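What follows is each chain in one-letter form.
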Amino acid sequence: MQAPVLVLNANFEPIHVCDTRRAIGLILSEKASLVLDGRGHLKTVTRIYPLPSVIRLEKMVSRPRLHLKLTRREVFRRDSYTCQYCRRHTMELTIDHVVPRHLGGQHIWTNVVAACSQCNHRKGGRHLEEAGMRLQRQPKEPPSSAFYIFGRHLPENADWEPFLTGW
Ligand SMILES: [Zn+2]
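This structure is a prediction, so every number in the text was calculated from the model and none was measured. (Residues numbered from 1 in each chain as written. Predicted model: local features only at pLDDT ≥ 70, side-chain atom pairs only at ≥ 80, totals over all residues. Heavy atoms only, no water.)

**Considering the pairing of strand β7 (residues 93-97)**
Next up, step 1: For β7, the tally of buried residues reaches four of five residues, placing the bulk of the element in the interior.
Next up, step 2: Where β7 meets strand β8 (residues 112-116), five bridges bridge the pair, whose relative direction is antiparallel. Note on β8: the bridge partner recorded for Thr 94 is Ala 115. (Buried < 20%, exposed > 50% of the residue type's maximum accessible area, 1.4 Å probe, protein only. Helix = DSSP H or I, 4+ residues; strand = E, 2+ residues; numbered from the N terminus. Pairing = 2+ DSSP bridges.)

**Section: the pairing of strand β2 (residues 14-19)**
Next up, step 1: Two elements, strand β1 (residues 4-8) and β2, share five bridges in a ladder whose sense is antiparallel. Bridged to Val 7 within β2 is His 16.
Next up, step 2: Where β1 folds back onto β2 in an antiparallel hairpin, the turn is made up of five residues, including Phe 12, whose phi is positive at roughly 75°.

**Examining the coordination of the zinc ion**
Next up, step 1: Taken together, Cys 83 (SG), Cys 86 (SG), Cys 116 (SG) and Cys 119 (SG) make up the protein donors of the zinc ion, found 2.3 Å from the metal.
Next up, step 2: Sequence positions of the residues that donate to the zinc ion give the spacing C-x2-C-x29-C-x2-C.
Next up, step 3: Judged by its relative accessible area of 2%, Cys 116 falls in the buried class. (Donors = N, O, S within 2.8 Å, 3.2 Å for Na, K, Ca; no water.)

**A closer look at helix α1 (residues 20-28)**
Think of an α-helix as turning once every 3.6 residues; residues three or four places apart then point the same way.
Next up, step 1: Among all positions of α1, only Thr 20, Ala 23, Ile 24 and Leu 26 are buried. Down the axis of α1, the sector holding all buried residues measures 160°, keeping them to one side. Those residues of α1 that are exposed and angled more than 90 degrees off the buried face are Arg 21 and Arg 22.
Next up, step 2: Contacts from the buried residues of α1 go to β1, β2, β3 (32-36), β4 (41-43) and β6 (54-57).
Next up, step 3: Glu 30 sits one or two positions beyond α1 and adopts a positive phi of about 60°. (Arc of directions from axis to C-beta. Contact = heavy atoms within 4.5 Å.)

**Some remarks on unusual backbone geometry**
Next up, step 1: Within the chain, Ser 80 stands out as a residue other than glycine whose phi angle is a positive 55°.
Next up, step 2: When you line up the elements, Ser 80 lands in the loop between α2 (72-78) and β7.
Next up, step 3: Judged by its relative accessible area of 41%, Ser 80 is partly exposed.
Next up, step 4: Phi is positive for Tyr 81, close to 55°, though the residue is something other than glycine.
Next up, step 5: Here Tyr 81 is to be found in the loop between α2 and β7.
Next up, step 6: With a relative accessible area of 28%, Tyr 81 lands in the partly exposed category.

**Remarks on the nonpolar core**
Next up, step 1: Judged by nonpolar contacts, the single largest core of 31 residues is most densely connected at Leu 6, Cys 83, Tyr 85 and Phe 150.
Next up, step 2: Looking at this core, the elements with two or more residues in it are β1, α2, β7, β8, α4 (128-131), α5 (146-150) and α6 (161-164).
Next up, step 3: At five residues, β8 tops the list of elements feeding residues into this core.
Next up, step 4: Once residues lying within four places of it in the same chain are set aside, the contact partners of Leu 6 are Pro 14, His 16, Val 17, Ser 53, Val 54, Ile 55, Phe 150, Trp 160, Phe 163 and Leu 164.
Next up, step 5: The next biggest cluster of nonpolar side chains, apart from the first, holds nine residues, and it includes Val 7, Cys 18, Ala 23 and Ile 55. (Core = buried A, V, L, I, M, F, W, Y, C linked by side-chain atoms within 4.5 Å.)

**Examining the pattern of salt bridges**
Next up, step 1: Summed over all chains, the structure comprises four salt bridges.
Next up, step 2: Glu 74 is paired through a salt bridge with Arg 77; the nearest N and O atoms lie 3.0 Å apart. Here Glu 74 and its partner Arg 77 are both found in helix α2, three residues apart, which amounts to about one turn of the helix. In this structure, Glu 74 and Arg 77 share a single accessibility class: buried.
Next up, step 3: Close ionic contact of Glu 74 with Arg 152 constitutes a salt bridge, the shortest N to O distance being 3.3 Å. Highlighted residues: Glu 74 in helix α2 and Arg 152 in the loop between α5 and α6, separated in sequence by 78 residues.
Next up, step 4: Given the relative accessible area of 4%, Glu 74 is considered buried.
Next up, step 5: You can call Arg 152 partly exposed: its relative accessible area is 33%.
Next up, step 6: Residues joined by salt bridges that share partners form a network here, namely Glu 74, Arg 77 and Arg 152. (Salt bridge = Lys/Arg side-chain N within 4 Å of Asp/Glu carboxyl O.)

Now the structure itself:
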């Protein structure tokens, strides 16, 4: 019941991810309809319900522009799980503040990069020039498209892809 379910607006725009329990609640209260299932069934005493993978809201809701929260996981994903100093591809990454926080660097997309622990250690809380290090590329804010934002679920939910494409 914890599995993520993709929620589409009435116009099919992907706007949200909720868990299965919430999705079934929305369907039963007729606030949403089932678009895609294929995850088996939920059996209650009196009925059997298909487990949703994608649902669509019956009424259009207006949403603010999608915005990706800055988290460790999202920084690593943006940087393709690659150290931005030595290009090593590793799952053991740390967050490096390009301008160190104690020197006034902010915790914002354009000042954080994925770094392996060796490079992070080597940089040692200094400016890049002082440490004699270079970034492989300048860090940017990731795309705000629904495809990118919900794309982190695609490895486990490949059936969402047609609903994310084009947004
Ligand atoms: Zn490195």
